[in-house]
Amino acid sequence: MNWVEEEGIRPGLRQAVDEFKRKYEGETISGNRGEVLVPRFHYYGTEMMEKAICALLAQKNLLLCGPKATGKNVLAENLAYLFGRPYWNVSFHVNVDASYLVGTDTFDGDKVVFRPGPIYQCAKYGGFGILDEINMAKNEAIAVLHATLDYRRILEVSGYDRLELHPATRFIGTMNYGYAGTRELNEALGSRFLVLQMPVIEEKQLEKLLRREYPEISKAMCRQLCAIFYELDEKAGNLEISPRAVDLRGLLDAVSVMKLGLSPLEAMDMGITNKVFDSTERSIIHDVIAARIPKSWN
Ligand SMILES: Nc1ncnc2c1ncn2[C@@H]1O[C@H](COP(=O)(O)OP(=O)(O)O)[C@@H](O)[C@H]1O
Ligand SMILES: [Mg+2]
């Protein structure tokens, strides 16, 4: 796990995480959902990573708050991997209800069987439950998690015995705010988490991320892409443009299509500029990009 070393996580914490991992690894988990997945992206941000590790070592639930593309899901998945646990992802955007979360009785053609939901599986197998966009959850759905998420660490399974959480089970919520349709987190739920406000990735780290994902990118291009990103971030901070354009996901997507031969300027317009629907804003954004990426670049 050399990126943890690269990131400079305190040796004491690393050791504690390794102990946790060793303590619970090798416990057999039935079914193919029990694997520990290697994350697609590394999370860059030592401070957030260390704070998150502390929360989880203390057997607390963690809530990652922040605008889009600040690496909330990437961090959650990195943590599951670091602690050596399988994870179950529940997106609260869909019409999630208690029976989906916990499980339901179904008829298998022969008899009634219990089909476990993702929270049940996390609880039983010591998984990490990633509760994605948890602020969008319906209250009825969340009520069932109250005893799961506090010191009681139990899951009521209606019609069955209550389940005690496996000692390795943890829950990591993510929540986004700042765009239409986002909601505040209900207070009873919020009090059950330790909360991190996720910062926008630091410039040095963004450069590292770009170079790691796209090793073929030139130094000059990498520097300009970073500069564009922070310039747009600043303009959004000054309310000159909407925060829509400050989209790291869009930036990375743009680089992916550049690789296929689109000109950098066209690619950046696709990834970033065109996400904004106001034409005045769009031209401001386009100008920021065009000032740093000459038309002649390919
Ligand atoms: N600090 C960071 N470290 C690594 N990747 C990051 C970071 N911030 C953003 N990203 C990148 O942004 C994209 C979106 O990340 P994601 O975790 O899905 O964001 P969120 O859940 O906050 O919307 C990914 O490609 C990810 O690699
Ligand atoms: Mg997310």
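Scroll up to find the structure this text is about.
Definitions and cut-offs
Residues numbered from 1 in each chain as written. Chains lettered and ligands numbered in written order. Predicted model: local features only at pLDDT ≥ 70, side-chain atom pairs only at ≥ 80, totals over all residues. Heavy atoms only, no water. Near = heavy atom within 4 Å. Polar contact = N/O pair within 3.5 Å; in protein donor to acceptor, adjacent residues only side chain to side chain. Areas by Shrake-Rupley, 256 points an atom, 1.4 Å probe, with all protein chains shown as cover. Helix = DSSP H or I, 4+ residues; strand = E, 2+ residues; numbered from the N terminus. Nonpolar A, V, L, I, M, F, W, Y, C, P; charged D, E, K, R; others polar. Phe/Tyr/Trp six-rings, centres within 6.5 Å; stacked < 30°, edge-to-face > 60°. Buried < 20%, exposed > 50% of the residue type's maximum accessible area, 1.4 Å probe, protein only. Lys NZ or Arg CZ within 6 Å of the ring centre and 35° of its normal. Pairing = 2+ DSSP bridges. Axes fitted to C-alpha atoms, helices over the stretch in contact; angles between N-to-C directions. Parallel < 35°, antiparallel > 145°, perpendicular 65-115°, else oblique. Left-handed = near helix turned anticlockwise from the far one by under 90°. Contact = heavy atoms within 4.5 Å. Expected span 1.5 Å × (residues − 1). Salt bridge = Lys/Arg side-chain N within 4 Å of Asp/Glu carboxyl O.

Visitor: Describe the site of ligand 1, naming the residues involved and giving the relevant values.
Guide: As a structural note, the neighbourhood of ligand 1 is formed by 16 residues, with Tyr44, Ala69, Lys72, Asn73 and Arg249 the closest of them. Separating a nitrogen atom of ligand 1 from a backbone N or O atom of Tyr44 is a distance of 2.8 Å. At a separation of 2.9 Å, an oxygen atom of ligand 1 approaches a polar backbone atom of Val74. Protein chains shield 93% of the accessible area of ligand 1, which is 560 Å² for the free molecule. When residues of the shell around ligand 1 are traced back to their parent elements, those giving at least two are helix H4 (72-82) and helix H12 (248-258). Broken down by class, the residue content of the shell around ligand 1 amounts to 9 nonpolar, 4 polar and 3 charged.

Visitor: Before we move on, could you go through the packing of aromatic side chains and cite the residues and values that matter?
Guide: One pass over the structure, following the stated rule, counts 7 aromatic pairs. Measuring from ring centre to ring centre gives 5.1 Å for Phe114 and Tyr160, while their planes differ by 55°; the resulting arrangement is tilted. Linking Phe114 in strand E4 (residues 112-116) with Tyr160 in the loop between strand E6 (154-155) and strand E7 (163-164), this pair joins segments that are 46 residues apart in sequence. Judged by its relative accessible area of 41%, Tyr160 is partly exposed. Cluster of aromatic residues (ring-pair linked, three or more members): Phe20, Tyr24, Phe83 and Phe128. The residue whose ring lies beneath Arg40 is Phe41, and the NZ or CZ to ring-centre distance is 4.3 Å.

Visitor: Could you give me a rundown of the pairing of strand E5 (residues 128-132), with the residues and numbers involved?
Guide: For E5, the buried fraction is high: 5 of the 5 residues fall into the buried class. Of the two faces of E5, the one lined by Phe128, Ile130 and Asp132 and the one lined by Gly129 and Leu131 are each fully buried. As paired elements, strand E2 (residues 87-91) and E5 share 5 bridges and run parallel to each other. Bridge pairing links Val90 to Leu131 in E5. In the sheet, E5 pairs with strand E8 (residues 170-175) via 4 bridges, with the strands oriented parallel. Counterpart to Ile130 in the pairing with E8 is Ile172.

Visitor: Run through the packing of helix H11 (residues 219-237) against helix H14 (residues 279-292), naming residues and quoting values.
Guide: Running from amino to carboxyl end, H11 crosses H14 at an angle of 150°, the nearest separation of the two axes being 9 Å. When the interaxial angle is binned, H11 and H14 end up roughly antiparallel. Here H11 and H14 pass one another in a crossing that is right-handed. Only Ile284, Ile285, Val288, Ile289 and Arg292 of H14 make contact with H11, whose side of the interface consists of Gln224, Ala227, Ile228, Glu231, Leu232 and Lys235. Classifying every residue of the contact of H11 with H14 gives 7 nonpolar, 1 polar and 3 charged.

Visitor: Explain the environment of Gly34 to me, using residue names and the numbers behind them.
Guide: Along the chain, Gly34 falls in the loop between helix H2 (11-24) and helix H3 (46-57). Residues Gly34 and Gln121 lie 87 residues apart in sequence; the distance between their C-alpha atoms is 9.1 Å.

Visitor: So, H3: which residues are in play, and what are the values?
Guide: Relative to the 16 Å expected for 12 residues at 1.5 Å per residue, H3 spans 16 Å between its end C-alpha atoms, a close match to the ideal helical length. Within H3, burial applies to Met48, Met49, Glu50, Ala52, Ile53, Ala55 and Leu56. Looking at the residues trailing H3, positive phi occurs at Gln59, about 60°.

Visitor: Which residues make up the pattern of salt bridges, and what values do they have?
Guide: Going through the model one piece at a time under the given rule, you end up with 11 salt bridges. Notably, a salt bridge pairs Glu231 with Arg292, separated by 3.0 Å at the nearest N-O pair. Within this pair, whereas Glu231 is found in helix H11, its partner Arg292 is found in helix H14, the two being separated by 61 residues in sequence. By relative accessible area, which is 24% here, Glu231 ends up partly exposed. The shortest N-O distance in the salt bridge between Lys275 and Asp247 comes to 2.8 Å. One end of the pair, Lys275, is in the loop between helix H13 (264-271) and H14; the other, Asp247, is in the loop between H11 and H12, with 28 residues separating them in the sequence.

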